[in-house]
Amino acid sequence: MFRFLVRRTIGALVILLIISAVTFWLFYAIPRDPAMMSCGKNCTPDMLKQVRHNLGIDHPIPVQYWYWLKGIFVGRSYGDFGNCSAPCLGYSFANREPVLGTILDRLPLTLSLAFGSAVVFLIIGIGSGMIAAVRQGKWQDKVASSASLVASSLQIYFIGYVAMYFLVAKLGILDNPSYTPLTQNPFEWASGLLLPWLVLALIWTANYTRMTRSQLVETLSEDYVRTARAKGMSSRSVFFRFAWRGAMGPIVTIFGIDLATLIGGAIITESVFSLQGVGRLAVQSVNQSDLPMVLGVTLLSAGAIVIFNIIVDAVYALIDPRIRLA
């Protein structure tokens, strides 16, 4: 296991390095000068030259990338703008603040949105899928399958506004979406994010319902499950000791990818509910041609996906003893 984790960690670092280099290069295909944005309205040629020097964009592209990469480990100075201590992901062209600090300020909201909605759609999705599999062909199965089919066709930018109109504006059942730190007030934290959680769960639950049902139906027909039943084991024991564990592999896979995607920034969700998370930051950074911030958010998203893929591979061995990590 240790050798596997070391090997995957090295591979993950190589992948992140390639992603950062490609993102850095693609940025220069955008015909905009970020120094003009930082220089302000009353910008003179001398001021523009000094801003380019402070931001470090007066060097060739490979040199700029090397300075950015080195800053992650030893920090970096941005002249009149200030110093950025390690780990330094750059200095924002737009707000003249360290990238890492800005991302860390937005990250708690995105994490709250991701993990809160994940709890809801896992409980509802896996639960309804289990019921549909056990009651295969009966009305419970038909209701769960039909509901998941309808939910999978919905889009967040549609159902989000509809839910806000009826549940917040008209009926006043839920609070207007907002973010309060969990440590400050847990009740306001949950009530402010409840509507985004429910909307995200409605969309994502459909996949888990269908996946859980199909995997359980297939697993319940396996020979080892029928053998366990023939030996006189109770239906509950057969289901949870054999069928359920055997069906969890694909579900763990998609959950790891989905959770990493949410942590990387639920862009549409945060935009619909006007939440200032990492996803909203990514959109603003692209619109402003803010390369350091774009790089920071990209690395966060890629890093989350790579890390959760490693975790999923390790969890496989715990769920299914037949799987061994070489």
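Above this text sits the structure in question.
Residues numbered from 1 in each chain as written. Predicted model: local features only at pLDDT ≥ 70, side-chain atom pairs only at ≥ 80, totals over all residues. Heavy atoms only, no water.

Enquirer: Just checking my understanding: could you explain the pattern of salt bridges for this structure?
Expert: Two side chains of opposite charge can pair, provided their charged atoms sit close to one another. Going through the model one piece at a time under the given rule, you end up with 1 salt bridge. Linking R213 and D141 is a salt bridge whose minimum nitrogen-to-oxygen distance equals 2.7 Å. You can see R213 sitting in helix α8 (residues 186-220) and its partner D141 sitting in helix α6 (residues 139-152), a full 72 residues away along the chain. Assessed through its relative accessible area of 23%, R213 is described here as partly exposed. (Salt bridge = Lys/Arg side-chain N within 4 Å of Asp/Glu carboxyl O. Helix = DSSP H or I, 4+ residues; strand = E, 2+ residues; numbered from the N terminus. Buried < 20%, exposed > 50% of the residue type's maximum accessible area, 1.4 Å probe, protein only.)

Enquirer: Sorry if this is basic, but what is going on with the state of the cysteines here?
Expert: One covalent bond between the sulfur atoms of two cysteine residues makes up a disulfide. The full count for this structure, using the stated rule, is 1 disulfide. Disulfide partner of C84: C88, at an S-S distance of 2.2 Å. The S-S bond linking C84 to C88 shows a torsion near 115 degrees; that makes this disulfide right-handed. When sorted by exposure, C84 lands in the same class as C88, which is buried. (Disulfide = S-S within 2.5 Å.)

Enquirer: Explain the packing of helix α5 (residues 99-134) against α8 to me, please; I cannot follow it from the model alone.
Expert: Angle between the axes and distance between the axes: these two values describe a pair of packed helices. Orientation of α5 relative to α8, taken along the N-to-C sense of each, is 35 degrees, at an axis distance of 5 Å. Every pair of crossing elements has a handedness; the one defined by α5 and α8 is right-handed. Classifying every residue of the contact of α5 with α8 by side-chain character gives 20 nonpolar, 9 polar and 1 charged. (Axes fitted to C-alpha atoms, helices over the stretch in contact; angles between N-to-C directions. Left-handed = near helix turned anticlockwise from the far one by under 90°. Nonpolar A, V, L, I, M, F, W, Y, C, P; charged D, E, K, R; others polar.)

Enquirer: Looking at this model, I keep getting lost on the nonpolar core. Mind explaining?
Expert: For soluble globular proteins, the rule of thumb is that nonpolar side chains tend to be buried together. Ranked by size, the top nonpolar core spans 45 residues in total, and within it F121, L195, V199, L262 and F273 carry the most contacts. Among the secondary structure elements, those contributing two or more residues to this core are α5, α7 (156-170), α8, α9 (223-230), α10 (235-265) and α13 (291-319). Ranked by residue count, the leading element in this core is α8, at 12 residues. Apart from the residues lying within four places of it in its own chain, the contact partners of F121 are I126, A201, W204, T205, Y208, F255 and L262. Among the nonpolar cores identified, the runner-up in size contains 21 residues, and L55, F93, L291 and L299 belong to it. (Core = buried A, V, L, I, M, F, W, Y, C linked by side-chain atoms within 4.5 Å. Contact = heavy atoms within 4.5 Å.)

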